[in-house]
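The primary structure of each chain is shown beneath.
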Amino acid sequence: MSDLDQTDRRLIAATQAGLPLTARPYAQIARDLNLTEAQVIYRLSALQDLGIIRRIAVAPNHYALGMTANGMSVWDVEDAQAEILGPEVGALDFVSHCYLRPRARPVWPYNLFAMLHGTSRAEVEQKRRVIRDLLGPACRSDDILYSTRILKKTGLRLRDG
Amino acid sequence: MSRQTLAPDALDAMDRQILNRLQDGFPLTPHPFDDAAAPLGLTGDQLIERLSRLREIGAITRFGPFFDAAAMGGDFCLCALTAPQGDFDRIADLVNAHPEVAHNYARDHELNMWFVLATPTPEGIAETAARIEAETGLTVWRFPKLQEFFIGFRVQA
């Protein structure tokens, strides 16, 4: 969205690492940016209404909470069916991300991606079977790619201004 | 981010309630910690204290606004390549050196390296992928999202 102004961009830059853990976090951000607390709250609300901020929330570390098995399940679902079944897969409470993506034949026949999390691979495999049952004959083939190592992880970085 | 699992007694019932409740949202009010703490039966100061500790022990990876890069005029793209086994770490270094690479995972598949590009403009994706291809001599397969389906997921703490 190109109608973000300079102040919005400064506000995004100032909050993308997180909110300060102080009683009046928006007032503290306001001081740093030479704004008022009311302006910060108003602008953050507007950004949330525009969908630029998806939500303001806590992101738990799912590894720390014992969810150490993480698999990217991928499915080759007939295109028209994928539009119908994709939302049903995304609504499952153990699916953290669910997207329709282009295939890259012949190396990659899969178009539906669903990220699965569990405390063990056995649990993830059981969840995978739930999706397989849900997709039924609409799915031609599937696979699951477990992450073996995190090579890099940084948050989203937007250049200031 | 740590991949270590916390000891089972690291979190008490209130910590778990906080993690479960605050995944859904946080108030945009002058005293947001007071407002978020009240339904939990805590004071704002107690909530701040617990959140600080949860962050310190690594139970929380982030607390704050989650931005949508595409809505800001930029773009995200999932990419993958096949790095030859003996050369894997060198390729990972070449890929990770790009600030546009937000995260990168080794996965057990012929396409064994999966990373996300985040760029301030939509054109940045193709440009960055082309630079990585030139540096590594490998094909970078791009899997941009065509559609995102509703996500009901919450980590149950």
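Computed from a prediction, not measured in an experiment: that's the story for all the values here. Here, residues in each chain are numbered from 1, in the same order as that chain's written sequence. Both sets of labels track the order of writing: A upward for chains, 1 upward for ligands. For this predicted model, a pLDDT threshold of at least 70 governs which residues receive local features, and a threshold of 80 or more governs which side-chain atom pairs are given and counted, while totals over whole chains, interfaces and linings are taken from all residues. Think of the side-chain values as coming from all heavy atoms in the structure, minus any hydrogens and water.

## A word on the overall build of chain A
And step 1. The helix count covers DSSP runs of H or I at least four residues long, the strand count covers runs of E at least two residues long, and both are numbered beginning at the N terminus. Of the regular secondary structure elements, chain A holds five helices and five strands.
And step 2. Ordering the α and β elements of chain A from the N terminus gives α-α-α-β-β-α-β-β-α-β.
And step 3. Based on C-alpha atoms, the radius of gyration is set beside the globule rule, defined as 2.2 Å times the residue count to the power 0.38. Taking 161 residues into account, the globule formula puts the C-alpha radius of gyration at 15 Å, and chain A, at 20 Å, lies well above it.
And step 4. With 161 residues in all, chain A has 53% of them scored as buried.
And step 5. Sequence-distant contacts in chain A: of pairs separated by 6 or more residues, those separated by 24 or more amount to 62%.
And step 6. Methods summary: accessible areas were calculated by the Shrake-Rupley approach with a probe of 1.4 Å, and residue burial reflects only the protein chains presented. When the accessible area of chain A is evaluated, it comes to approximately 7300 Å², of which 49% is carbon and sulfur surface. Residue exposure (1.4 Å probe, protein chains only): buried if accessible area is under 20% of the type maximum, exposed if over 50%, otherwise partly exposed. Here a residue-residue contact requires only that any non-hydrogen atoms of the pair lie within 4.5 Å.

## Brief notes about the domain arrangement of chain A
And step 1. In terms of domains, chain A is made up of domain 1 (6–49) and domain 2 (69–146).
And step 2. Each of domain 1 of chain A and domain 2 of chain A has a C-alpha centre, and the two are 38 Å apart. By convention here, the domain bounds are inherited from an automatic or database domain assignment.

## Looking at the UniProt feature "domain: Siroheme decarboxylase NirL-like HTH" (unreviewed entry) in chain A
And step 1. Here, the residues flagged by UniProt with the feature "domain: Siroheme decarboxylase NirL-like HTH" (unreviewed entry) are residues 8–54 of chain A.
And step 2. For residues 8–54 of chain A, the helix share is 64%, the strand share is 4%, and the end-to-end C-alpha distance is 15 Å. UniProt positions are given in the numbering used here, feature names are shortened, and annotations may be inferred rather than shown by experiment.

## Here's the deal with the UniProt feature "domain: Siroheme decarboxylase NirL-like HTH" (unreviewed entry) in chain B
And step 1. Within the UniProt annotation, "domain: Siroheme decarboxylase NirL-like HTH" (unreviewed entry) is assigned to residues 15–60 of chain B.
And step 2. Helix makes up 59% of residues 15–60 of chain B and strand 2%, with an end-to-end C-alpha separation of 11 Å.

## Some points on the nonpolar core
And step 1. Only buried Ala, Val, Leu, Ile, Met, Phe, Trp, Tyr and Cys residues count toward a nonpolar core, and they belong to the same one when joined by side-chain atoms within 4.5 Å. Judged by nonpolar contacts, the single largest core of 44 residues is most densely connected at Y26(A), I18(B), F26(B) and L51(B).
And step 2. Counting residues per element, the ones that place at least two in this core are α1 (6–15), α2 (25–33), α3 (37–49) and β1 (53–60) of chain A together with α1 (13–22), α2 (32–37), α3 (44–56) and β1 (60–67) of chain B.
And step 3. Setting aside anything within four residues of it in sequence, one finds F26(B) in contact with L19(A), Y26(A), I56(A), P32(B), F33(B), A36(B) and F63(B).
And step 4. Formed by 22 residues, the second largest nonpolar core is a distinct cluster that contains V77(A), A82(A), L85(A) and I144(A).

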